[in-house]
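Working through the structure, step by step
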Amino acid sequence: MPGFKRLLARLKRPAGSGSDQRQHPRVYDRPLKLLIDGRRYKTLDWSMSGMRIAAYPAAGGPNATVAGVILAGGQVKRGEFVAEVVRVLPDGSVGVRFVKLWSETFISMNAR
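Notes on the structure follow.

Cut-off values and rules
Residues numbered from 1 in each chain as written. Predicted model: local features only at pLDDT ≥ 70, side-chain atom pairs only at ≥ 80, totals over all residues. Heavy atoms only, no water. Buried < 20%, exposed > 50% of the residue type's maximum accessible area, 1.4 Å probe, protein only. Helix = DSSP H or I, 4+ residues; strand = E, 2+ residues; numbered from the N terminus. Arc of directions from axis to C-beta. Pairing = 2+ DSSP bridges. Salt bridge = Lys/Arg side-chain N within 4 Å of Asp/Glu carboxyl O. Phe/Tyr/Trp six-rings, centres within 6.5 Å; stacked < 30°, edge-to-face > 60°.

Quick look at helix α2 (residues 103–110) now. Listed in full, the buried residues belonging to α2 are Thr105, Phe106, Ser108 and Met109. All buried residues of α2 lie within an arc of 165 degrees about the axis, which places them on one face of the element.

What follows is the structure, encoded as structure tokens:
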């Protein structure tokens, strides 16, 4: 995925001030719809680098791999993804970071 890494490198910017110093701001008001292992899920929030999946049973816990399809979300295009679980929260949601993401989906996420 060299093209993905080049595009990601171009989008890097210095962290801003304030409490949320993420490289990519979270999007809360436009949840993505996902298909994982034949079941549908929604995101609670997402960014260029990952997402928080609502009510996802992360059987493997942190470091587990999640593979699926982003189905829709405003102008975000459909595409496959592979992500790593980084956090399992008490509310049943799971935070993941993208490991692989279809390039058209990545580009459309940036155009939000």
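So, on to the pairing of strand β3 (residues 50–53). With three bridges connecting them, strand β2 (residues 39–46) and β3 associate as antiparallel partners. Among the inter-strand pairings, aspartate 45 is bridged to a residue of β3, identified as arginine 52. Here β2 hands over to β3 after three residues, the two strands then running antiparallel side by side. The pairing of β3 with strand β6 (residues 94–101) spans four bridges and is antiparallel. Within β6, the residue paired with glycine 50 across the bridge is arginine 97.

A separate point is the pattern of salt bridges. Per the stated rule, a full pass over the model turns up five salt bridges. Here arginine 52 makes a salt bridge to aspartate 91, at a shortest N to O gap of 3.6 Å. Placement of the pair is arginine 52 in strand β3 and aspartate 91 in the loop between β5 (79–88) and β6, with a sequence separation of 39 residues. On the accessibility criterion, arginine 52 (22% relative accessible area) is partly exposed. Here arginine 97 and glutamate 84 are joined by a salt bridge, their closest N and O atoms 2.7 Å apart. Here arginine 97, found in strand β6, pairs with glutamate 84, found in strand β5; they are 13 residues apart in sequence, far enough to count as distant. Of the residues examined, arginine 97 reaches a relative accessible area of 40% and is grouped as partly exposed. The buried category is assigned to glutamate 84, whose relative accessible area is 19%. Shared partners join several salt bridges into a network, and the residues in it are Asp45, Arg52 and Asp91.

With that out of the way, let us pick up the packing of aromatic side chains. Using the criterion set out here, one finds two aromatic pairs in the structure. Between tyrosine 41 and tyrosine 56 the ring centres are 5.1 Å apart and the planes differ by 75 degrees, which places this aromatic pair in the edge-to-face class. Residue tyrosine 41 is found in strand β2, and its partner tyrosine 56 is found in the loop between β3 and β4 (65–72); the two are separated by 15 residues along the sequence. Take tyrosine 41: its relative accessible area is 10%, and that puts it in the buried class.

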